[in-house]
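# Observations on the three-dimensional arrangement
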Amino acid sequence: MFDLHVKSLLEPKKLVLLSPDTVVADAAKRMAAKNTGAALVMEDDVLIGIFTERDALFRVLAKGLDAQATPLRQVMTPKPATLAPQTSYGHALLLMHERGFRHVPVVEGGRVLGIIAARNAMDPSLEEFVSEARRREHYREVSV
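Because the structure is a prediction, the values reported are computed rather than measured.

What counts and how
- Residues numbered from 1 in each chain as written.
- Predicted model: local features only at pLDDT ≥ 70, side-chain atom pairs only at ≥ 80, totals over all residues.
- Heavy atoms only, no water.
- Pairing = 2+ DSSP bridges.
- Helix = DSSP H or I, 4+ residues; strand = E, 2+ residues; numbered from the N terminus.
- Contact = heavy atoms within 4.5 Å.
- Axes fitted to C-alpha atoms, helices over the stretch in contact; angles between N-to-C directions.
- Buried < 20%, exposed > 50% of the residue type's maximum accessible area, 1.4 Å probe, protein only.
- Arc of directions from axis to C-beta.

## As for the sheet that holds strand S4 (residues 77-78)
Sheet architecture is open: 4 strands sit in the order S1-S2-S3-S4, paired in mixed fashion. Edge positions in the open sheet fall to strand S1 (17-18) and S4, since each of these has one partner strand only. Judged from the 2 bridges that link them, S1 and strand S2 (residues 38-43) form a sheet pairing that is parallel. By the bridge assignment for S2, Leu 17 is matched with Leu 40. Packed onto the sheet, helix H1 (residues 24-33) meets S1, S2 and strand S3 (46-52) and runs at close to 85° relative to S3.

Given below as structure tokens:
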């Protein structure tokens, strides 16, 4: 798994792209709807920041800011580190560990492809369990 390119681990359906003027409460709702822990902040199709669940906790809630009025531009991480799609997942994990973050945008030629997360490093047996659960769920849907 650690040799896989990060591009192969992207989940495009979970990608949340928001403007820097989006308020935290709306960002949290969009992230929750997609079951993701991070949103990319875009301005004129350019990645300018990342907003994560940890940002919501430490930069908004812990500081007593109003989530209904605070725009992402005030609490996002600006100019986030990015990875190329051909980067190995092992290298991505090392970067996340060394720099202390859990999500990294994957960018190619200035175009955002998605986000890679530390949670993608699920234990192989747990990953197999999740795969089997999805297979069974699909089987139930088809046979109904």
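After that view of the structure, there is still more to cover.
## Overview of unusual backbone geometry
Notably, Asp 44 is not glycine yet its phi reads approximately 55°, a positive angle. You can see Asp 44 is positioned in the loop between S2 and S3. Although it is not a glycine, Lys 79 sits at a positive phi angle of roughly 45°. The topology assignment puts Lys 79 in the loop between S4 and helix H4 (89-99).

## What to know about the pairing of strand S5 (residues 103-108)
Of all 6 residues making up S5, 5 are buried, and the element is well covered by its neighbours. One ladder, built from 6 bridges, connects S5 with strand S6 (residues 111-117); its direction is antiparallel. Its bridge partner being in S6, Val 106 is matched across the sheet by Gly 114. Remark: 2 residues form the turn of the hairpin made by S5 and S6, two consecutive strands paired antiparallel; Gly 109 in that turn has positive phi of roughly 60°.

## Structural notes on H4
Helical geometry note: an α-helix holds 3.6 residues per turn, so side chains three or four residues apart project in the same direction. Taken together, the buried positions of H4 are Tyr 89, Ala 92, Leu 93, Leu 95 and Met 96. Each buried residue of H4 lies within a common arc of 160° when the element is viewed along its axis, so the set occupies one face. Away from the buried face of H4 by more than 90 degrees, exposed residues His 97 and Glu 98 are located. Looking at the buried positions of H4, the neighbouring elements they touch are S5 and S6. Directly beyond the C-terminal end of H4, a positive phi value near 75° is found at Gly 100.

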